[in-house]
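# Structure at a glance
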Number of protein chains: 6
Amino acid sequence: MSEKPISRFPVPELNNLPEDIRETILAVQEKSGFVPNVFLALANRPDEFRAFFAYHDALMEKEGGLSKGEREMIVVATSAHNQCIYCVVAHGAILRIREKNPQLADQIASNYRKADITPRQKAMLDFALKVSKSSYEISNDDIEDMRELGFSNDDIWDIGAISALFALSNRMANLTSMRPNDEFYLLGRIPKEKP
Amino acid sequence: MSEKPISRFPVPELNNLPEDIRETILAVQEKSGFVPNVFLALANRPDEFRAFFAYHDALMEKEGGLSKGEREMIVVATSAHNQCIYCVVAHGAILRIREKNPQLADQIASNYRKADITPRQKAMLDFALKVSKSSYEISNDDIEDMRELGFSNDDIWDIGAISALFALSNRMANLTSMRPNDEFYLLGRIPKEKP
Amino acid sequence: MSEKPISRFPVPELNNLPEDIRETILAVQEKSGFVPNVFLALANRPDEFRAFFAYHDALMEKEGGLSKGEREMIVVATSAHNQCIYCVVAHGAILRIREKNPQLADQIASNYRKADITPRQKAMLDFALKVSKSSYEISNDDIEDMRELGFSNDDIWDIGAISALFALSNRMANLTSMRPNDEFYLLGRIPKEKP
Amino acid sequence: MSEKPISRFPVPELNNLPEDIRETILAVQEKSGFVPNVFLALANRPDEFRAFFAYHDALMEKEGGLSKGEREMIVVATSAHNQCIYCVVAHGAILRIREKNPQLADQIASNYRKADITPRQKAMLDFALKVSKSSYEISNDDIEDMRELGFSNDDIWDIGAISALFALSNRMANLTSMRPNDEFYLLGRIPKEKP
Amino acid sequence: MSEKPISRFPVPELNNLPEDIRETILAVQEKSGFVPNVFLALANRPDEFRAFFAYHDALMEKEGGLSKGEREMIVVATSAHNQCIYCVVAHGAILRIREKNPQLADQIASNYRKADITPRQKAMLDFALKVSKSSYEISNDDIEDMRELGFSNDDIWDIGAISALFALSNRMANLTSMRPNDEFYLLGRIPKEKP
Amino acid sequence: MSEKPISRFPVPELNNLPEDIRETILAVQEKSGFVPNVFLALANRPDEFRAFFAYHDALMEKEGGLSKGEREMIVVATSAHNQCIYCVVAHGAILRIREKNPQLADQIASNYRKADITPRQKAMLDFALKVSKSSYEISNDDIEDMRELGFSNDDIWDIGAISALFALSNRMANLTSMRPNDEFYLLGRIPKEKP
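Description of the structure in this document. It should be emphasised that the depicted structure is a prediction, and the values quoted were computed from it without experimental measurement.

On to the pattern of salt bridges, then. Under the defined criterion, the tally for this structure stands at 102 salt bridges over all chains. Linking Lys-68 of chain A and Glu-61 of chain A is a salt bridge whose minimum nitrogen-to-oxygen distance equals 4.0 Å. Residue Lys-68 of chain A is classed as partly exposed on the basis of its relative accessible area, which comes to 25%. Judged by its relative accessible area of 36%, Glu-61 of chain A is partly exposed. Here the salt bridges share partners, and the residues they tie into one network are Arg-45 and Glu-48 of chain A together with Lys-62, Arg-71, Asp-154 and Asp-158 of chain F.

Here the focus is the relation of the copies chain F and chain E. Overlaying chain F with chain E gives an RMSD of 0.0 Å, the required rotation being 180° about an axis along which the chain moves by 0.0 Å. Such a combination of turn and shift is consistent with a two-fold rotation axis. Here 100% of the contact residues of chain F are again contact residues in chain E; the copies associate through an equivalent surface.

Each side of the interface is counted separately: chain F has 27 residues, and chain E has 27 residues. Approximately 2,400 Å² of surface area, both sides summed, lies buried where chain F meets chain E, with 50% of it carried by carbon and sulfur atoms. Its largest share of buried area at the contact with chain E, chain F owes to Gln-103, Lys-114 and Tyr-185 of chain F, together 25% of the area lost on that side. In this assembly, chain F and chain E are joined by 6 salt bridges. Its salt-bridge partner being Asp-116 of chain F, residue Lys-4 of chain E comes within 3.6 Å of it at the nearest N-O pair. Applying the counting criterion to the chain F and chain E interface returns 12 residue pairs in polar contact (both at pLDDT 80 or more). Where the side of chain F that touches chain E is concerned, the elements lending two or more residues are α5 (85–99), α6 (104–111) and α9 (153–176) of chain F. The leading source of residues in the side of chain F that touches chain E is α6 of chain F, at 4 residues. A breakdown of the residues in the side of chain F that touches chain E according to their chemical character gives 10 nonpolar, 8 polar and 9 charged.

Right, let's get into the packing of helix α6 (residues 104–111) of chain C against helix α5 (residues 85–99) of chain D. Two numbers describe how α6 of chain C lies on α5 of chain D: the axes approach to 9 Å, and their chain directions differ by 130°. Considering the angle they form, α6 of chain C stands oblique to α5 of chain D. Crossing of α6 of chain C over α5 of chain D shows right-handed handedness. Contacts between α6 of chain C and α5 of chain D involve Asp-106, Gln-107, Ser-110 and Asn-111 of chain C on the former and, on the latter, Ile-85, Val-88 and Val-89 of chain D.

All names here are of chain C. Between its first and last C-alpha atoms helix α1 (residues 19–32) spans 20 Å; for 14 residues at 1.5 Å apiece the expected length is 20 Å, and the two agree. Of the residues making up α1, those classed as buried are Ile-21, Ile-25 and Val-28. Across the axial projection of α1, the buried residues extend over an arc of 60°, all falling on one side. Those residues of α1 that are exposed and angled more than 90 degrees off the buried face are Glu-30 and Lys-31. Of the residues trailing α1, Gly-33 is marked for its positive phi of about 90°.

Below, the discussion takes up the interface of chain C and chain B. On the side of chain B, 44 residues touch chain C, which itself brings 44 residues to the contact. A buried area of about 3,900 Å², summed over both sides, lies between chain C and chain B, and 65% of it is on carbon and sulfur atoms. On the chain C side of the interface with chain B, the three residues burying the most area are Tyr-55, Trp-157 and Arg-171 of chain C, jointly 22% of the side's total. Where chain C meets chain B, there are 4 salt bridges.

Let us look at the relation of the copies chain C and chain B. Mapping chain C onto chain B calls for a screw motion: a turn of 180° about the axis and a shift of 0.0 Å along it, with 0.0 Å RMSD after fitting. Both copies contact each other with a shared surface, as 100% of the interface residues of chain C are interface residues in chain B too.

Evaluated as defined, the whole model comprises 42 aromatic pairs over all chains. Note on Phe-34 of chain B and Phe-184 of chain B: the rings are 5.2 Å apart at their centroids and 80° apart in plane angle, and the pair reads as edge-to-face. Linking Phe-34 of chain B in the loop between α1 (19–32) and α2 (37–42) with Phe-184 of chain B in the segment after α9 (153–176), this pair joins segments that are 150 residues apart in sequence. Under the relative-accessibility criterion, Phe-34 of chain B is labelled buried at 10%. Judged by relative accessible area, Phe-184 of chain B falls into the buried class, the value being 6%. Clustering of aromatic rings is evident, with ring pairs tying together Phe-39, Phe-49, Phe-52 and Phe-53 of chain A. A cation over an aromatic ring shows up here: Arg-120 of chain A above the ring of Phe-151 of chain A, its NZ or CZ 4.0 Å from the ring centre.

Residue and element names in this part refer to chain C. With respect to the helices, strands and loops of the structure, Arg-71 is situated in helix α4 (residues 68–81). Given a relative accessible area of 0%, Arg-71 falls into the buried group. Those residues in contact with Arg-71, other than ones at most four positions away along the chain, are Leu-59, Met-60, Lys-62, Glu-63, Gly-64, Leu-66, Asp-158 and Ile-162.

With that settled, the discussion passes to the side chain of Glu-72 of chain F. Residues and elements named next belong to chain F. Take Glu-72: it is sitting in helix α4 (residues 68–81). Put simply, Glu-72 is tucked away with no salt bridge, and the nearest opposite charge, on Arg-98, sits 4.6 Å away. Residues within four places of Glu-72 in sequence aside, it is in contact with Met-60, His-91, Ile-94, Leu-95 and Arg-98.

It is worth spelling out the environment of Ile-21 of chain C at this point. All names here are of chain C. Along the chain, the position of Ile-21 falls in helix α1. Classification of Ile-21 as buried rests on a relative accessible area of 0%. Separated by 164 residues in sequence, Ile-21 and Tyr-185 place their C-alpha atoms 26 Å apart. Leave out the neighbours within four places in its chain, and Ile-21 touches Ala-43, Pro-46, Phe-49 and Arg-50.

On to unusual backbone geometry, then. Residues and elements named next belong to chain A. Unlike most non-glycine residues, Gln-83 shows phi in positive territory, near 55°. Looking at where Gln-83 falls in the secondary structure, it is placed in the loop between α4 (68–81) and α5 (85–99). Look at Gln-83 and you get partly exposed, because its relative accessible area is 22%. You will see that Ser-177, though not glycine, has its phi angle at about 55°, which is positive. In this fold, Ser-177 is placed in the segment after α9 (153–176).

Now for the environment of Leu-40 of chain E. Residue and element names in this part refer to chain E. Note on placement: Leu-40 falls in helix α2 (residues 37–42). Sequence separation between Leu-40 and Leu-95 is 55 residues; the distance between their C-alpha atoms is 22 Å. Beyond its immediate sequence surroundings of up to four residues, Leu-40 is in contact with Ile-6, Val-11, Pro-12, Ile-25 and Val-35.

Parameters and conventions
Residues numbered from 1 in each chain as written. Chains lettered and ligands numbered in written order. Predicted model: local features only at pLDDT ≥ 70, side-chain atom pairs only at ≥ 80, totals over all residues. Heavy atoms only, no water. Salt bridge = Lys/Arg side-chain N within 4 Å of Asp/Glu carboxyl O. Buried < 20%, exposed > 50% of the residue type's maximum accessible area, 1.4 Å probe, protein only. Least-squares fit on C-alpha atoms with pLDDT ≥ 70 in both. Contact = heavy atoms within 4.5 Å. Buried area = accessible area lost by both parts, 1.4 Å probe. Polar contact = N/O pair within 3.5 Å; in protein donor to acceptor, adjacent residues only side chain to side chain. Helix = DSSP H or I, 4+ residues; strand = E, 2+ residues; numbered from the N terminus. Nonpolar A, V, L, I, M, F, W, Y, C, P; charged D, E, K, R; others polar. Axes fitted to C-alpha atoms, helices over the stretch in contact; angles between N-to-C directions. Parallel < 35°, antiparallel > 145°, perpendicular 65-115°, else oblique. Left-handed = near helix turned anticlockwise from the far one by under 90°. Expected span 1.5 Å × (residues − 1). Arc of directions from axis to C-beta. Phe/Tyr/Trp six-rings, centres within 6.5 Å; stacked < 30°, edge-to-face > 60°. Lys NZ or Arg CZ within 6 Å of the ring centre and 35° of its normal. Lys, Arg positive; Asp, Glu negative; His and termini not counted.

And the structure:
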């Protein structure tokens, strides 16, 4: 199954990559045990690679009003709307791990409105989806509604910006026909005790 | 996690059900090791229960030009379009088992166009989705195109009818807010040898 | 006009049909004076035929909080949305007869929001159309709103289930390109006294 | 049934209307046996009334490559798409009369793709619907395709212009909640011999 | 740039036009300094030309509750939705002049919800767009809401009718591929004092 | 007019910004004569600011198969689809300057299909819009079609990636309700000789 190409576009050899990009990739491999294909597919364009992961880490690795699991919920919900296999499968895995919940990613990918989330998380995803589908309709009233639910200015920016970043990311993955690594499918589905 | 209600509507006790329905349910439990919630949720209406499962078995358990795995592909693809958690999760499990492929269901649920399927299966799902989304546009040309790909009259009926049946099924599951059993999430994801 | 084929798929001879199906058809003919083409077109698949009409009768012939005329309103409104000639023409006729109103079916088929119906019937059709178009958005709030309008749990199930059944039925009629009988067009349009 | 208001906006008394408009209305009444409500509803604005009917007659009463029946097909098909009860019911009646066919209007209103029309008429309606739904996509290729089917420049303008005029007319009828006269529902449905 | 054809259909010579139409066109030229291409393109059909401009003037040149600038806002907002280059560019120019505001047209064409307009004007455009996109959903509640914002019956008719007229106009411009005059692009963008 | 807020979110003072960001902004001001508001609005988040402009420059300032003007066409066409006032107005100005054409931006913003562009540029924008609207449908056939038109692998990536980047950018501008600078509206509209 792993012989399938991971991108419709050229995928550079690790050895031919700029030093900083190779190091980034090796560090991810060290930490995760494998290299997620997004790193290899985007390495085709080193400058865009650097910008993408800088943007990604600024929004996804950040502490703040939203937990890291909630940030992944936004990714999975908007990526499912955009029908992006790579992002749903890869970030579905991360969501399962972050939330220690083997079901949430599949629920959110199918229909976040009925997933096992809190009403506040439902409102967060409603807002993220509105940014994803019809950002031109985001009004001051929407912002006010979010504030009344306890989201800070920074939280609202984060929710909208994560939705916006994956609007880009989903389109790049669909453009390149990026293939998720086999590893992602099972990650976080089985309790750690009995692997 | 399993304390969550399985339907927004009343769910009858097994003991209060008509004999034939109770037996159907017990037979499923015997075979699968658990009772899929769709049996309990629809038992609220015995006559509709009998009609639904008769319809289901007539289309899904049948031999014919389409394999059982291909029938499940149609269910997963159209149910994902209709954002039906129950059907995507439950039939995703059956698809993994039928095709002995732990990745296919997640791929098809996200974007069947890029799933690891044959061109013929891709055409089958294109047709099924057209029936699901805009059946009023199905023309003689569509039927001819399918015949040229080698689908028989009976195959074409099957593809369209499965798509139509799950148009019903997805709406019932969304109407009742039917909850997938916990068991489905992991079924078919791990090779039999090393459970 | 009646020489046109009634289905894109094979239509069996009455004599070649299983006994129970032939009897069902003859009984309908006896009662209605003609055989609606849906019986002939679906007889191509006896098991599906039995399941379909069992489902249909369980929902449409039932007594309950909704009148039989109201059930037909749901069929006409959702079938018009799905652009199903057979169901709009055939059930439009039944609606005219049930409601003794020669105009209602044409109004509901064009735009139920402005038809001569009660506000409660308008709410019923709004709910039915939501199940038909975007059942994934049906929330507990929708159910609550219906209850506040006086619809019982059973009524709500009926409305949703009729909408779901005709989601199937419309797709089968469009798949087979089912042709309405000439008789339906005029049925219920002329007061009984002066035919 | 006829007590229902024919417009959400004021409907002037015949006696208070400008002379030319009153005469137009009386002439229609003389010819048709009743005054179609569109004349009364639009008389609320005499200048717009004059412009509307001048436009209407220039396109609908014209001789040319399209028969008068075909012009009505365009009206019924686009008005059904715009869910305009008045136009579907009133022009459905005119279509039945023009084509001496009691079924065509109901078929075209439900799904023109499967109506009893010629392939050339199907292409005519495809073009009309494209003008109605997404005129910004009309390209030189569309025009060429129509010419190859034998439509002249003038025919193509007529088809597009009728679709455009009823884009206006449907919106005015929906804005005013214009009610079709009772007479329209049965017109053209019964052979002349036995009225 | 001006060598490009102004219509896909024949454009008559001024000398070959009926007297009244030639005079209308010359009067416009006298007043504006050039002949807007819509006059030449529609002159292909003298009767429709007369009806169109009679309709146009009845709604756009009128005094009333809406200012002339507000009427142009409706034209620009609905024409942008219909992706009509001619109407956006030509009426954008008129809007800039009427409102003495060089930015408003570009804002409204992109996203009227965020343009520099009053809340009342925003409500006016919401209503106009609803007529343009889904007039079948206009209900008595919509009319009531407008009345509560201070719009009179006549204002509401005007808003809806302008939206309806440009539903026609946009489709004619797209059908004919009507080209805006070069003059429109800069009109109203530069303060009079320092041209 | 310039008193209006440029973002719904906090806009930092230049003096409070990190050194590198302040320098970037001052350099832009030096070059353009004013500071485009996007620099101030995004400076609210320094890390995202750096990533965004790095991404932007990597794609927009690059030499390659697409001219800089063509890159701006992609921005204007996709931003118009996303109804982003900031991007349409600001990049419309840049497009006018790059192409030395005062009309092209308004045409592309209204309906790129009818703008004064080459067939190759039309195909480029069709592809960009497909990435913007339904990237999940991008298939190998689409890529092949582009190659046959002479676009290289790198060109295709550029087109898709610019569309993807502005999917992000449009959503950020709509989220923050970013206001275009007054300067943009007139830029590139008047020939250099007579400023």
